[in-house]
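# Understanding the architecture of this molecule
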Amino acid sequence: MIKKMGIGWNLRKLMAARDMFQTTDLVPLLAERGVHLSREQVFRLVTQLPQRLSMDTLAALCDILQCTPNDLIEVQAVNAQVSKAVGDDLPAPQARRTTIRRPGQ
C-alpha cells in the first residue's frame, strides 16, 4: 500500500492573525530580510501552495510572522492508503470457455 500525502499551506491564515490582509504588505517586509520578490510572486506565494520554497524565504516568513516552519507547512494524509497501480494482491482472472463456430455450422 502507498500512503498519499498532502500539504497544507497556512501563510494566509497566519498573516490574517497578524492583521495583514494585503499580499503587498509582505513585499517590503521580505525585502528588509534580503528576499526580493515581485508583487505577483508574493501574491502567488500567499494564495497558492508553493511547489518550491527557498530556505531564505521560509526563514524570512517565519521571522515576519513570528512562527516556525511547522506553523506554515502542515503535512496531512490525504488518503489513508492507496493501492498500488500494478496488480499486487489482485485475484487471478477467471478462464472462460470459448466456442468457435465456423461459417455454416
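In this report, we go over the structure that sits alongside the text. (Residues numbered from 1 in each chain as written. Predicted model: local features only at pLDDT ≥ 70, side-chain atom pairs only at ≥ 80, totals over all residues. Heavy atoms only, no water.)

## Brief notes about the nonpolar core
We apply this condition: Here, nonpolar core refers to any group of buried Ala, Val, Leu, Ile, Met, Phe, Trp, Tyr and Cys residues whose side-chain atoms link them within 4.5 Å. The classification of residues rests on relative accessible area computed with a 1.4 Å probe and restricted to protein chains. Under 20% of the type maximum is buried, over 50% is exposed, and intermediate values are partly exposed. In DSSP terms, a helix is any run of H or I states spanning at least four residues, a strand is any run of E spanning at least two, and both are numbered starting from the N terminus. Contacts between residues were defined by any pair of non-hydrogen atoms, one from each residue, lying within 4.5 Å.
If you look at the biggest cluster of nonpolar residues, it comprises 19 residues, and the most contacted ones within it are L11, M15, L26, L30, L61, L65 and L72. Taken together, the elements giving at least two residues each to this core come down to α1 (11-17), α2 (26-32), α3 (39-47) and α4 (55-65). Considering each element in turn, this core owes the most residues, six residues, to α4. Beyond its immediate stretch of four places on either side in the chain, L65 contacts L11, L14, M15, R18, M20 and L72.

## A closer look at a nonpolar patch on the surface
The cut-off we apply is this: Candidates for patches are residues over 30% relative accessible area with no salt bridge; among them, like charges are joined within 9 Å and nonpolar side chains (Val, Leu, Ile, Met, Phe, Trp, Tyr) within 5 Å. Note on areas: Shrake-Rupley with a 1.4 Å probe; residue coverage comes only from the protein chains shown. Salt bridges are identified by distance alone: a Lys or Arg side-chain nitrogen within 4 Å of an Asp or Glu carboxyl oxygen.
A cluster of nonpolar side chains, M5, I7, L49 and V75, forms an exposed patch at the surface whose accessible area comes to about 370 Å². With respect to the secondary-structure elements, M5 resides in strand β1 (residues 2-9). Exposure remark for M5: the relative accessible area of 43% places this residue in the partly exposed category.

## Details of α4
Listing the buried residues of α4 in full gives T57, L58, A60, L61, C62, I64 and L65. Once α4 ends, the next one or two residues include Q66, with phi positive near 50°.

## Topic: the pattern of salt bridges
According to the stated counting rule, one finds two salt bridges in the structure shown. Two residues, E32 and R33, come together in a salt bridge whose shortest N-O distance is 3.6 Å. What makes E32 exposed here is its relative accessible area of 60%. A residue is classified by how much of its surface remains accessible, and R33, at 32% relative accessible area, is partly exposed. In this structure, the salt-bridge partner of D63 is R33, at a minimum N-O distance of 2.6 Å. Highlighted residues: D63 in helix α4 and R33 in the loop between α2 and α3, separated in sequence by 30 residues. On the basis of relative accessible area, D63 is assigned to the partly exposed category, the value being 46%. Salt bridges here are not isolated pairs; linked through shared partners, they connect E32, R33 and D63.

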